Amino acid sequence: MTEQTLFIVKPDAVARHLVGQIIARFETKGFKLIKLKMFTFTKSQAQEFYSVHSSKPFFGELVDFITSGPVVVAIIEGNNAVATTRILVGATKSYEAAPGSIRGDFGLGISDNIIHASDSKDNFEKEAKVVFE
């Protein structure tokens, strides 16, 4: 089933010059880039983007980190894009992510875990509105 999803190359990966290597993984897998944008989240954009986590103790840390520098956001399209992207990205805690996954190969922590990926079609639609409108 062809679908779209979103990923964000986070400030730590941008600072480490990993954007090209990360995007290449999705292209090599066969995904088509639909939209690509580099920008820096405002605090209000970040709060809206991460609103599903607003009641959690790490919410402030998420907002602070994602606003700490530029990010690269992409919408990609392909077969089973959401599920496949989540597998490519790896576990949230980089030290638990499998070798070969993006976080397993490049991640260093929990918030500074290189990449964000939408976890559902509904969240993709919500997140895309925040970053592309």
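Everything numeric in this text was worked out from a predicted model, so none of it was measured.

Visitor: Explain the overall build of the protein to me, using residue names and the numbers behind them.
Guide: Scanning the protein from terminus to terminus reveals seven helices and four strands. Taken from N to C terminus, the helices and strands of the protein fall in the order β-α-α-β-α-α-β-α-α-β-α. Relative to the compact-globule value of 14 Å for 133 residues, the protein shows a C-alpha radius of gyration of 14 Å, a close match. C-alpha atoms of the protein, sized along the principal axes, occupy 35 × 30 × 25 Å. Among the 133 residues that make up the protein, the fraction classed as buried is 48%. In the protein, once contacts between residues fewer than 6 apart in sequence are set aside, the share between residues at least 24 apart is 74%. Of the roughly 6,700 Å² that the protein leaves accessible, carbon and sulfur atoms contribute 53%. Across the protein, the mean location of the 15 positive side-chain charges is 1 Å away from that of the 15 negative side-chain charges.

Visitor: Tell me what's going on with helix α7 (residues 121-132), and back it up with residues and numbers.
Guide: It helps to recall that an α-helix has 3.6 residues per turn; residues three or four apart then point in one direction. Its 12 residues place the ends of α7 16 Å apart at the C-alpha level, agreeing with the 16 Å of an ideal helix rising 1.5 Å per residue. Those residues of α7 not exposed but buried are N123, F124, E127, A128, V130 and V131. Looking down the long axis of α7, one finds its buried residues gathered within 160° of arc, a one-sided arrangement. In α7, the exposed positions angled more than 90 degrees off the buried face are occupied by K121, D122 and K129. Elements that come into contact with the buried residues of α7 comprise β1 (2-9), β2 (32-39), α3 (43-49), β3 (71-79) and β4 (115-117).

Visitor: Please give an account of the packing of aromatic side chains that cites residues and values.
Guide: The description of two aromatic rings rests on the distance between their centres and on the angle between their planes. In total, this model carries five aromatic pairs according to the counting rule given. Ring geometry for F26 versus F31: centroids 6.3 Å apart, planes at 55°, classification tilted. Accessibility classification places F26 together with F31 in one group, the buried group. Taking the centre distance of 5.1 Å and the plane angle of 85° together, the rings of F49 and Y50 count as edge-to-face. As far as burial versus exposure is concerned, F49 and Y50 are alike and both buried. Each residue in the set F39, F41, F49 and Y50 is aromatic and connected to the rest through ring pairs, giving one cluster.

About the criteria used
- Residues numbered from 1 in each chain as written.
- Predicted model: local features only at pLDDT ≥ 70, side-chain atom pairs only at ≥ 80, totals over all residues.
- Heavy atoms only, no water.
- Helix = DSSP H or I, 4+ residues; strand = E, 2+ residues; numbered from the N terminus.
- Rg over C-alpha atoms; globule rule 2.2 N^0.38 Å.
- Buried < 20%, exposed > 50% of the residue type's maximum accessible area, 1.4 Å probe, protein only.
- Contact = heavy atoms within 4.5 Å.
- Areas by Shrake-Rupley, 256 points an atom, 1.4 Å probe, with all protein chains shown as cover.
- Lys, Arg positive; Asp, Glu negative; His and termini not counted.
- Charge placed at Lys NZ, Arg CZ, Asp CG, Glu CD.
- Expected span 1.5 Å × (residues − 1).
- Arc of directions from axis to C-beta.
- Phe/Tyr/Trp six-rings, centres within 6.5 Å; stacked < 30°, edge-to-face > 60°.

Note that every value here comes from positions in space, so none of it alone points to a role or purpose.
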